[in-house]
Amino acid sequence: APPPGPKPIRRLEESLINRIAAGEIIHRPASALKELLENSLDAGSTSIRVTVKDGGLKLLQIQDNGCGIRKDDLPILAERFTTSKLSTFEDLSRITTYGFRGEALASISHVAHLSVLTKTKTSPAAWEASYVDGVLVDPKTRQPSEPKICAGNDGTTITIKDLFYNTPTRLHALRNFSEEYSRILDVITKYAIHNPTVSLSCKKATSTAPDLTAPASKSVPQAIRLLYGHSIATQLLEVNISSSNPNVTSGEDEEDEDAMDLDIPKGPIKWSAELHFSNANYQAKKTVFLLFINHRLVESQRIKRSLEAIYHGVLPKGTSPFVYLSLEIDPRCVDVNVHPTKREVHFLNEEEITEKIADAMQQKLAAQGQSRTFEYQT
Ligand code: ADP
Ligand code: MG
C-alpha cells in the first residue's frame, strides 16, 4: 500500500485552545491560590482568609478587605489580557505589582467555575458575578448576564469551584488532596512571612478552626517566629545589603546590546536585599528557602545552591539552614516574563549580586561564630 499522505491541518476549537493555555498558568490549586493572593495583596488588603475543600479542587475561596473591583469592570474581568496594572508596553518594564498580564482570572474561568463578590468603599452595595470561559454568565442558565446586586462587605471574595472539571487527566493527577492542601498552606505561610502586617488565615470548609493563622505582626522575624516556631526564631541572623553598599558595577556589554531599544538602565544596577537566615546552632533536615524578588515568591535553584554552600563548613553534614531572602531590583532589570506562572525570574547580573549576598552572609556567620567562642571562654 502507498504510504499515507499528510493529514489535513485543522484549527483547534477556541475553547480547547483557551483550556490548554489556562493549564499552563494554573498547574494546581496552589498556583491558582498564589495568583489570588497576589491580587488581594495588590489590592491593598490587610486581612485575607482562605477556605479550602478537597485540597482546593472542590472549593478554593479567598476573602479579602482590599479596594474591591468597580461594578463597571466586572463584565470584562475574566477576559484574557484585561488588567488594571498595565497599559503600555513600556509599563512592562516598570512592573511593581504582582500581577500584570491580566491572565489569572481568565485562565481560572476556563478550567473552573469562578465567581466574584466585591464591593468598593464608595459603592453602596456589593456585586456578584459568575464566569464561564471568560464570559460573565448567569450561574443557573450559564447564559451571558449582568452582575447581580447583593449585600457584602468592602473587599473581594473570589470563589473557585470544581477546578479542572473539564480537564480530567489533570484532575486525575491531583487526587492526593492532603498534598495539594499542604502546598496551599506553604504558599500562604511564605506570603505571610513576607507580608507581616497582613493577617492571613486558612481553613478547611469542613472545620471551624483554621489550620493556619498568621495574625498581623510587626516584622519578618516576628512572623517567622509565629509560623516556623521559637527554636528557629532565636537562631536568626539578619543582613541588609544593597548596591550602594558595597558597590556593584553593571554587567558586560553584551547585555546592553540586547537591551538597546528596551528601557534598560545604563550604569550600575540598583538593588537591595534583606536576609534572615539561621546560624550554626540551627540544623534542619531540609533547607527552607524563601525567595522573594520584587515581592513576588519565586524559585531559583541557582541562588539556593549558592547560599546553601556557605553553610558547608558551618553545619554538620546532612543538616540544612533556613534562609529568607527578599531582593528588590530595579524592575527594568528583571524579566518576569520567562515563565508562564511567573515562578521563575531572570535578572541582570544575577551571579554578581548573588555572590555579594553570599559574602555578606558568610561574614555575619563567621562573626557570630567568633563571638560564640568568646562567650564560651568567659
Ligand atoms: P492581573 O493581576 O495580572 O491584572 P488578574 O486576572 O489576576 O490579572 O486580575 C485582573 C484584574 O482584576 C486586576 O488587574 C484587578 O484590577 C482586578 N482584581 C483581581 N482580584 C482582585 C482583588 N482581590 N481585589 C481587587 N481587584 C482585583
Ligand atoms: Mg493577578
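Going by the annotation in an unreviewed UniProt entry, the name recorded for the protein is DNA mismatch repair protein S5 domain-containing protein, with Leucocoprinus birnbaumii given as the source organism.

The number of helices and strands found in the protein is 10 helices and 16 strands. Looking at the protein as a whole, 35% of its 378 residues qualify as buried. A fraction of 70% describes how many contacts in the protein between residues 6 or more apart in sequence connect residues 24 or more apart.

As defined by bridge partners, strand β1 (residues 47-53) adjoins strand β8 (residues 199-204) across 6 bridges and the pair is classed as parallel. Directly across from Arg-49, in β8, lies its bridge partner Ser-201. With 6 bridges connecting them, β1 and strand β2 (residues 59-64) associate as antiparallel partners. Residue pairing across strands places Val-52 opposite Leu-60, the latter belonging to β2. Adjacent in sequence and paired antiparallel, β1 and β2 are bridged by 5 residues, among which Asp-54 carries a positive phi angle near 50°.

Now for the packing of helix α1 (residues 14-25) against helix α3 (residues 104-111). Angle between the axes and distance between the axes are the two parameters that describe a pair of packed helices. Relative orientation of the contacting elements α1 and α3 amounts to 120°, with a least axis distance of 8 Å. Between α1 and α3, the interaxial angle falls into the category oblique. In the crossing of α1 with α3, the sense of the turn from one axis to the other is left-handed. Across the interface between the two elements, Asn-18, Arg-19, Ala-22, Gly-23 and Ile-25 from α1 touch Ala-104, Ser-107, His-110 and Val-111 from α3.

A separate point is the packing of helix α5 (residues 177-194) against helix α6 (residues 220-228). Closest axis-to-axis distance for the α5/α6 pair is 8 Å, and the angle between their directions is 150°. Considering their axes alone, α5 and α6 lie roughly antiparallel with respect to each other. Listed contacts from α6 to Thr-189, Ala-192 and Ile-193 of α5 are Val-220, Ala-223, Ile-224 and Leu-227.

For a regular strand, side-chain orientation follows a simple rule: the groups alternate between the two sheet faces. Judged by how many residues are buried, strand β4 (residues 126-132) sits mostly within the fold: 5 of 7 residues are covered. Pairing geometry for strand β3 (residues 113-119) and β4, over 5 bridges, is antiparallel. Note that in β4 the partner of Leu-114 across the bridge is Tyr-131. Between β3 and β4, which pair antiparallel one after the other, the connecting turn spans 6 residues. As defined by bridge partners, β4 adjoins strand β6 (residues 148-150) across 3 bridges and the pair is classed as antiparallel. Bridge assignment links Ala-126 to a residue of β6, and that residue is Cys-150.

Here the focus is the sheet that holds strand β12 (residues 288-293). With mixed pairing, 5 strands are arranged side by side in an open sheet as β10-β11-β14-β12-β13. Both edges of this open sheet fall to β10 (236-242) and β13 (296-297), since each of them pairs with a single strand only. Bridging between strand β11 (residues 271-278) and strand β14 (residues 322-329) involves 7 bridges; their strand directions are antiparallel. Bridge pairing in β14 places Ser-272 opposite Glu-328.

Attention now moves to unusual backbone geometry. Non-glycine residue Arg-142 carries a positive phi angle of around 65°. Structurally, Arg-142 is set in the loop between β5 (135-137) and β6. When the 13 C-beta atoms within 10 Å are taken as the criterion, Arg-142 is described as partly exposed. Although it is not a glycine, Phe-164 sits at a positive phi angle of roughly 65°. Using a count of 22 C-beta atoms within 10 Å as the deciding quantity, one classes Phe-164 as buried.

With that settled, consider the confidence of the model for the protein. Looking at the protein as a whole, the pLDDT averages 86, with 85% of positions reaching at least 70. pLDDT under 50 marks residues 96-100. Its contacts with residues more than four places away, or in other chains, come to 19 contacts. Considering only residues more than four positions removed or in separate chains, one finds that residues 247-261, a stretch of pLDDT under 50, has 17 contacts. Scoring of the predicted complex yields 0.87 for pTM and 0.98 for ipTM.

Turning to its location among the elements, Ile-76 is positioned in the loop between β2 and α3. Distance from Ile-76 to Arg-296, taken between C-alpha atoms, is 25 Å for residues 220 residues apart in sequence.

Below, the discussion takes up α3. Burial analysis of α3 places 8 of its 8 residues in the buried class, which makes it a mostly covered element. Where α3 is concerned, the buried positions are Ala-104, Leu-105, Ala-106, Ser-107, Ile-108, Ser-109, His-110 and Val-111. Where α3 is buried, its residues touch α1, α2 (29-42), β3, β4 and β7 (155-161).

Calculation notes
Residues numbered from 1 in each chain as written. Chains lettered and ligands numbered in written order. Predicted model: local features only at pLDDT ≥ 70, side-chain atom pairs only at ≥ 80, totals over all residues. Helix = DSSP H or I, 4+ residues; strand = E, 2+ residues; numbered from the N terminus. Buried ≥ 20, exposed ≤ 12 C-beta atoms within 10 Å, placed from the backbone. Contact = placed C-beta atoms within 7 Å. Pairing = 2+ DSSP bridges. Axes fitted to C-alpha atoms, helices over the stretch in contact; angles between N-to-C directions. Parallel < 35°, antiparallel > 145°, perpendicular 65-115°, else oblique. Left-handed = near helix turned anticlockwise from the far one by under 90°. pLDDT = per-residue confidence, 0-100.

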